[in-house]
Every structure is written in structure tokens, then in C-alpha cells.
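One-letter residues, chain by chain:
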Amino acid sequence: MAKTYNFTASHLHAVSRQIFMAAGAPRRIADCVAGVLVNANLAGHDSHGVLRIPQYLGWIADGSLLPAAEPKVVKESPNSLRVDGGQGFGHYAALQTVHRAIEKAKTGNVACANLVHMSHIGRLGEYAEAAAQADCVGIITCGVGLGCTTPTRVVPFGGAVGKLDTNAIAIGAPTGGEAPFIADFATSVVAEGKVRVALSKNLDLAEGCILDKHGNATVKPADFFDGGWLLPLGGHKGYALSLITCLLGGLSPDIDLGVDGMSGAFMQVVNIRAFTPLESYRRGVRAFLDGMRGTPPAPGFDEVMVPGDLAHRRRTERLTHGIELPETTYRHIQEAGEQLNISLSEVDVEACDAQRYQAVS
């Protein structure tokens, strides 16, 4: 069995915060980014968790990520918001943006936001969940498409060269229960981070996920990182959804037509009370989803779940038993910490960290 290292969520948060602070992020930004990464690990989305720390540090080193940058509102109306992330941490900019959109939706019923010029924003479900926790419906997309210029990671349907990013979509809605409804998925068959996870665990991928640099189907994660490509989810349908995320993200007026590209994040927040009483909506959602769960399982399945169930179970389990990091991920974070004079074992967990991640019974 491959070796793993177990961390409590609070310890992993403290380690992540200290590393980002040592790399130049103010505490408030480092704390925010650490929280988003650890939440991804708790939800079972290890591809968007602390595995990303060395990657972000590399971007800080080459100047493509500015760790102290603050997002700025560049245009605003009662129901809309356009934010420039200043090439800073996308997680911080995205949380700031979705909370501003929630505030607007509370007074104006519906609010939309566009976020550009930011680094990777991590797991989109984080922001959809923020809307759901505020008793709103949240729709979040993030798209990058570069037309005929520098190849990216996902091939268009029928194409041999990547022109798109993994371009995710997330939708969140409150249920009134412990777990909100959260649908969060890439428009590629697998997210690039899932390939990283497979590589870190020395595992093969399922067939139909990636191509090698020659355009041949492969299951080896190393082939992707050696110039390979991801395939779109569901063929032409996933390709169309990927393009939609670019069109929404590209609402910013500063599109660079010279590179045939469109990119950015889009957020829409809907105040449920503008349409129906909140509690009756939540009761209806719970009954509807319970009806789905009550479906007799097909052969090979133990049960029918709905989006949000598995993440809630994993969070409960990992808060209780800890987060297991593969040895490769642990070593990469350890090396990153050592370069910044931070020892993973010596980082102190503060009272606020312990309170943030109360273990469940």
C-alpha cells in the first residue's frame, strides 16, 4: 500500500497559510486561500486542494501570480459587478466577488458578476456553496479559450490540439439540511487536477479521458504532462458547454482580439425569496432530492445519491479522521516549505484554526 501522511484540517490550514505568507501574501489573503484549498480536500476534491501549493508558489516565483494583489471593482450597478483580480490569488478575488453579488441579490433579487485578470480560482463549488449558505441559488462558471494561439489543455470536439481549459460549471442551492445541493464539474472528461492526483498516486486513468502529444488515446497521466491533451466531456455537448463558459467569462470589454481569446469567471446569484417563500422552497427541494435518493439502485450500485451528498460524507469523515496526503504530494509541499524556512511539523495550529474545523462526532 502506498504511504500516506495524515493531517487534521486545522493543521493543514495553518501550514498552507504560513507557506503563502512566507511567499508574500498578507495574512488575510493567505488565510482565505488556505481555507479554500482545505475545504476542497475535505470535500474529497483533492485535485483542487493543497496539492496545488507548489504550483502556486511557482507562479509567484515567475511573477504571473501577485500574492498581495487586491481585487478592484471596475464597474458596478445595483444588479451587476465587474471585478479585476489584479493577477492575484483567484480564490480570494472570487470569494470577495461572490459575497458582493450575494449582497446585491439580497436587495435587488438577482445579481451577476464578471471576474477577470485573476489566477486559478480553485474549486468552483466553494462559491456556489457560499450562495447556497446565504439562501440563494448560485451559478458559477469559469472559462478560458485561446482560439488559434497558444495551445491549452482541452481539445475542441473533433480537434487535435488543445484550445480550451477545463472550464468548470457549478450550481448551488439550499436544502435547509446539513448538505446543500452542489453540482460542480469540469467540461472536460476529467479535470487537470484529477490527472495530477492520479500521477501522485501512480495510478492509470480510465479510458477516454486523455490523449498523448501525438493525439493517441492513453491512460497514463505522465503522457498528459508530456504534451498531451484532455478530451471534452460528452463529446460535442461538453465542448458546447465549455464554449458557453468562455462567452460568459468574456463579458469583460477588454478582450484581446489579437489572440482570439475569451476568458473569465461569471457568477449569478438568485435570491430565492424574490420568487417564493424560502422555507417552502427548501422543503420542496428536500422532498424532490429525497425522491431521487429513493430510486431503486441499478445493478452494480448500492444507492442513488444527489450532488452534494458525497462531498458532505467525505467532509464528515475527514474532519473526524484527518486528511490523507499521498507521499508525492506531501514531499512536494514539504520541499516548498523548506525553501521558505517552514517546517510542516513545527507549524502551530492557532485557536481560530481549531474552531474553524470542529471535528464532528
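Structure's up top.
Residues numbered from 1 in each chain as written. Predicted model: local features only at pLDDT ≥ 70, side-chain atom pairs only at ≥ 80, totals over all residues. Heavy atoms only, no water.

Digging into the packing of helix α1 (residues 9-22) against helix α3 (residues 53-62)
Definition in use: What counts as an axis is a line fitted to C-alpha atoms, over the stretch in contact for a helix, and the angles between N-to-C directions run from 0 to 180 degrees. Starting at the N terminus, helices and strands are each numbered in turn, a helix being any DSSP run of H or I of at least four residues and a strand any DSSP run of E of at least two. We call two directions roughly parallel when the angle between them is under 35 degrees, roughly antiparallel when it is over 145, roughly perpendicular when it lies between 65 and 115, and oblique otherwise. Note on definitions: a residue-residue contact is assigned when non-hydrogen atoms from the two residues lie within 4.5 Å. Ten residue types, Ala, Val, Leu, Ile, Met, Phe, Trp, Tyr, Cys and Pro, are classed as nonpolar, four, Asp, Glu, Lys and Arg, as charged, and the remainder, Gly among them, as polar.
The interhelical angle for the contact between α1 and α3, taken along N-to-C directions, is 10 degrees, at an axis separation of 11 Å. In terms of orientation, α1 lies roughly parallel with respect to α3. Only Ile 53, Tyr 56 and Leu 57 of α3 make contact with α1, whose side of the interface consists of Ser 16, Ile 19 and Phe 20. Residue composition of the contact of α1 with α3, by class: five nonpolar, one polar and no charged.

Some thoughts on helix α10 (residues 309-321)
In plain terms, the rule: Residue count minus one, scaled by 1.5 Å, sets the expected span of a helix. Only protein chains enter the area calculation, which uses a 1.4 Å probe; residues under 20% of their type maximum are buried, those over 50% are exposed, and those in between are partly exposed.
Here α10 is 13 residues long and its end C-alpha atoms lie 18 Å apart, about the 18 Å a rise of 1.5 Å per residue gives. Among all positions of α10, only Asp 309, Arg 318 and Leu 319 are buried. At its buried positions, α10 is contacted by α1, α2 (27-42), α9 (278-293) and β12 (323-326). Looking at the residues trailing α10, positive phi occurs at Gly 322, about 100 degrees.

Remarks on the pattern of salt bridges
To keep things clear, this is the line we draw: By convention in these notes, a salt bridge is any Lys or Arg side-chain nitrogen within 4 Å of a carboxyl oxygen on Asp or Glu.
The tally for this structure, following the rule as stated, stands at 24 salt bridges. Across the pair Asp 353 and Arg 17 runs a salt bridge, and its minimum N-O distance is 2.7 Å. Of this pair, Asp 353 sits in helix α12 (residues 351-356) while Arg 17 sits in helix α1; the two residues are 336 residues apart in sequence, bridging distant segments of the chain. Taken individually, Asp 353 and Arg 17 each receive the classification buried, so the pair is uniform in this respect. The closest approach of N and O atoms between Arg 153 and Glu 192, which form a salt bridge, is 3.2 Å. One end of the pair, Arg 153, is in the loop between β5 (136-145) and β6 (169-173); the other, Glu 192, is in helix α6 (residues 192-200), with 39 residues separating them in the sequence. For Glu 192, a relative accessible area of 4% puts it in the buried group. Linked by salt bridges that have partners in common, Arg 17, Arg 27, Asp 31, Glu 350, Asp 353 and Arg 356 make up one network.

Quick notes on the sheet that holds strand β4 (residues 110-116)
Which entries qualify depends on this criterion: Strand pairing is assigned whenever DSSP identifies at least 2 bridges connecting the two strands.
A sheet is described by the order of its strands in space; here seven strands give the open sequence β2-β3-β4-β11-β5-β6-β7, paired in mixed fashion. The outermost strands of the open sheet, each flanked by one partner alone, are β2 (72-77) and β7 (181-185). Between one strand axis and the next, the sheet turns by 10 degrees as a mean value, whatever way the strands run. In this structure, β5 lies alongside strand β11 (residues 262-271), joined through ten bridges in antiparallel fashion. The residue of β11 that forms the bridge with Val 137 is Val 270. The strands touched by helix α4 (residues 90-108) are β2, β3 (80-84), β4, β5 and β11; relative to β4, the strand with the most contacts, the crossing angle is about 160 degrees.

A word on unusual backbone geometry
Despite not being glycine, Gln 87 has its phi angle at roughly 60 degrees, a positive value. Of note in the backbone geometry, Asn 341 takes a positive phi value of approximately 60 degrees without being a glycine. Inspection of the secondary structure assignment puts Asn 341 in the loop between α11 (327-339) and α12. A residue is classified by how much of its surface remains accessible, and Asn 341, at 73% relative accessible area, is exposed.

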